[in-house]
2 protein chains.
Amino acid sequence: MSENNILGTNVIAQIGILVHDIEKTSQAYADFFGVENPGWSLTDTVDKAETEYKGEPTEARAKLAFFDMGSLQLELIEPDEHPSTWREYLDEHGEGPHHIAFHIKGMKEKITIMEQNQMPLMQKGEYTGGRYAYMDTFKDLKIILELLENDN
Amino acid sequence: MSENNILGTNVIAQIGILVHDIEKTSQAYADFFGVENPGWSLTDTVDKAETEYKGEPTEARAKLAFFDMGSLQLELIEPDEHPSTWREYLDEHGEGPHHIAFHIKGMKEKITIMEQNQMPLMQKGEYTGGRYAYMDTFKDLKIILELLENDN
């Protein structure tokens, strides 16, 4: 890995796809790939997730469903109506792919370096065992990057 | 692998991203991930590629650039102005992710089975050592699937 790699990795861990109806689309994936429907889980409430969108706390939550697709996960995301990158992108672009995600170490430092490179933080939050950040890399990379930091 | 898996695989081999300026976006990826700019190659002319879009031959070509991102490739695609799924999707959705690709065996059979499942063939063509097909899976899976069949 080059020391010039800002993230310290180039391994894509997830592809995130925005949907209107996670139960319907999950079942379509399960049927097509011959796997069990994994069901969905709801992201934590703002008091626990500390969700921030554009620098402000937001009550936004989303239903998530994960499918193992080789070495990476395909993540389906059905956001609620509160402000989030998920809701904004879904309203602007319609259903479809939203981001690719990478596992990183040192979230604060990575966010600082990316912001110095004109890639602003869009949204961040906590989940059990870790935290995430969506970075606005669209102008340069033509896709949003999500950083994932797990404690273990 | 379940025998109910239509493709015979669930391993994502590529993510394809549509761009307006492949040289600019390739350089942005090279800079961000600390790798060499791989340059781009042009798809073959219609006489060699036998490119068909919506059942008709098309002169459409695209510039392609590939980055190795863990176990899969990230493919940048800059299409020309002739009719193709690339051009149509770029005009409708703007720059951004277009498809995920899977390596399969038995292209004709896979296309037939998918069409029987209301997932029509959108575009196909040949490349040196293999062939590809874009299938319209958007209605069910919220992303286009590409099938890749290499001879070796």
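Quick note: structure is the one above.
Throughout what follows, the structure given in this document is the object of discussion.

Calculation criteria
- Residues numbered from 1 in each chain as written.
- Chains lettered and ligands numbered in written order.
- Predicted model: local features only at pLDDT ≥ 70, side-chain atom pairs only at ≥ 80, totals over all residues.
- Heavy atoms only, no water.
- Buried < 20%, exposed > 50% of the residue type's maximum accessible area, 1.4 Å probe, protein only.
- Helix = DSSP H or I, 4+ residues; strand = E, 2+ residues; numbered from the N terminus.
- Pairing = 2+ DSSP bridges.
- Contact = heavy atoms within 4.5 Å.
- Buried area = accessible area lost by both parts, 1.4 Å probe.
- Salt bridge = Lys/Arg side-chain N within 4 Å of Asp/Glu carboxyl O.
- Polar contact = N/O pair within 3.5 Å; in protein donor to acceptor, adjacent residues only side chain to side chain.

Let us now look at the pairing of strand β10 (residues 144–150) of chain A. Residue and element names in this part refer to chain A. Burial analysis of β10 places six of its seven residues in the buried class, which makes it a mostly covered element. The pairing of strand β7 (residues 96–103) with β10 spans five bridges and is classified as parallel. Considered in β10, the bridge of H99 is made with I144.

Right, let's get into the interface of chain B and chain A. Accessible area lost on assembly of the parts is the figure often given for the size of an interface. Facing 39 residues of chain B, the contacting portion of chain A comprises 39 residues. Contact between chain B and chain A buries roughly 3,200 Å² in total, counting both sides, with carbon and sulfur atoms accounting for 70%. Broken down residue by residue, the surface that chain B buries against chain A is led by F32, F33 and K142 of chain B, which jointly contribute 22%. Remark: the boundary between chain B and chain A carries two salt bridges. For E95 of chain A, the salt bridge goes to K142 of chain B, with nearest N and O atoms at 3.1 Å. Between chain B and chain A we count 13 residue pairs in polar contact (both at pLDDT 80 or more) in total. Listing elements by their share of the side of chain B that touches chain A, those giving two or more residues are β1 (14–18), α1 (22–33), β5 (62–69), β6 (72–79), β7 (96–103) and α5 (138–141) of chain B. Here the element with the most residues in the side of chain B that touches chain A is α1 of chain B; it accounts for six residues.

Right, let's talk about helix α3 (residues 85–93) of chain B for a bit. All names here are of chain B. For α3, every residue scored as buried is listed here: T85, W86, R87, Y89 and L90. Here α3 starts with a cap whose side-chain oxygen sits 3.3 Å from the backbone nitrogen of W86, and that cap is S84. In the segment just after α3, G94 is the residue with positive phi, at about 80°.

The pairing of strands in a sheet comes from backbone hydrogen bonds and takes either a parallel or an antiparallel form. All names here are of chain B. Spatial strand order, β2-β5-β6-β1-β7-β10-β9-β8-β3-β4: ten strands in an open sheet with mixed pairing. The sheet is open, and its two edges are formed by β2 (41–42) and β4 (56–57), each paired on a single side. As paired elements, strand β3 (residues 52–53) and strand β8 (residues 121–127) share two bridges and run antiparallel to each other. Residue pairing in the sheet places Y53 in a bridge with Q123 of β8.

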